[in-house]
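Results of the structural survey
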Amino acid sequence: ADGEVRRFMNANLHRVRKAQRKLPPLVTSGRVHDLLAVYRRLNERFFDCALQVPVTWGRGGGRARRSGLTFGSYDPVLGLIRIHPVLDRRDVPQYFLESVVYHEMLHHHLGGIPDRAGRTVYHSRVFREAEARYPWHRQALAWEKDNLPHLLGASAELDRKRRAEAAALRRH
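Scope of this entry: the structure provided in the associated data block. (Residues numbered from 1 in each chain as written. Predicted model: local features only at pLDDT ≥ 70, side-chain atom pairs only at ≥ 80, totals over all residues. Heavy atoms only, no water.)

1. A word on the overall build of the protein chain
Note the threshold: Helix and strand definitions here come from DSSP, where helices need a minimum of 4 consecutive H or I residues and strands a minimum of 2 consecutive E residues; each element is numbered from the N-terminal end. Only protein chains enter the calculation, and the probe is 1.4 Å; a residue is then buried if its accessible area is under 20% of its type maximum, exposed if over 50%, and partly exposed in between. Residues are treated as being in contact if the distance between any of their heavy atoms lies within 4.5 Å. The protein chains shown are the only cover counted for residues, whose accessible areas, like all others here, come from Shrake-Rupley with a 1.4 Å probe.
Along the backbone of the protein chain there are five helices and five strands. The order of helices and strands in the protein chain, counted from the N terminus, is α-α-β-β-β-α-β-β-α-α. Counting only residues that meet the buried cut, the protein chain has 37% of its 172 residues in that class. Once local pairs closer than 6 in sequence are excluded, the contacts in the protein chain between residues at least 24 apart make up 71%. When the accessible area of the protein chain is evaluated, it comes to approximately 11,200 Å², of which 53% is carbon and sulfur surface.

2. A look at the environment of Arg-89
For Arg-89, the location among the structural elements is in the loop between β3 (80-83) and α3 (94-110). You can call Arg-89 partly exposed: its relative accessible area is 26%. Counting along the chain gives 59 residues from Arg-89 to Gly-30, while the straight-line C-alpha distance between them is 8.8 Å. Among residues more than four places away in sequence, those in contact with Arg-89 are Val-32, His-33, His-150, Leu-151 and Ala-154.

3. Quick notes on the packing of helix α2 (residues 35-47) against α3
Defined as follows: Orientation is described by axes fitted as lines to C-alpha atoms, over the contacting stretch for helices, and by angles from 0 to 180 degrees between their N-to-C directions. Here roughly perpendicular refers to angles of 65 to 115 degrees, roughly parallel to angles under 35, roughly antiparallel to angles over 145, and oblique to all remaining angles. Crossing handedness: left-handed means the near helix sits turned counterclockwise from the far one by under a right angle, and right-handed means the same turn made clockwise. Ten residues, namely Ala, Val, Leu, Ile, Met, Phe, Trp, Tyr, Cys and Pro, are considered nonpolar, four, namely Asp, Glu, Lys and Arg, are considered charged, and the remaining ones, Gly among them, are considered polar.
At their nearest, the axes of α2 and α3 sit 10 Å apart, and the two run at 60° to each other. Taken as axis vectors, α2 and α3 run oblique relative to one another. Every pair of crossing elements has a handedness; the one defined by α2 and α3 is right-handed. Note on element contacts: α3 touches α2 through Gln-94, Leu-97, Glu-98, Val-101, Tyr-102, Met-105, Leu-106 and His-109, opposite Leu-35, Val-38, Tyr-39, Arg-41, Leu-42, Asn-43, Phe-46 and Phe-47. Among the residues making up the contact of α2 with α3, the classes are represented as 11 nonpolar, three polar and two charged.

If you want it as structure tokens, here you go:
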């Protein structure tokens, strides 16, 4: 019974939201990387241009944690992909950024699969197999492992700058 209730809740979540959320302003041109160009290339190569999902630089749930960083997120309610701005750097290789965008595109494309208990599984076997079809998947995982401490520091620096800018705006 618990699984049936959870499945019902997941299927009807959109009905109980307090307010409709709107898409934020989309920012696709970064200082270094152009997300729209990355998205279009991946959409053509892996999805036959079938996906239509907006993409933007932004944090979403991408806060720095001691053990990791959320590089990208997919919001199924808005149908929006957000990529953490810490990846808009010259030292982030194109293949790594592409792997993050591709991962989030897969979330849009495949959605979640309910398990026996009614919980939604997003990183299913089917998802992982599709993710592994990205040609530089292994290299991207290795690059992430080697560079995570650097990216955590860069993310913390971005947060400090953002807080300082917000404080300066409040003073004026």
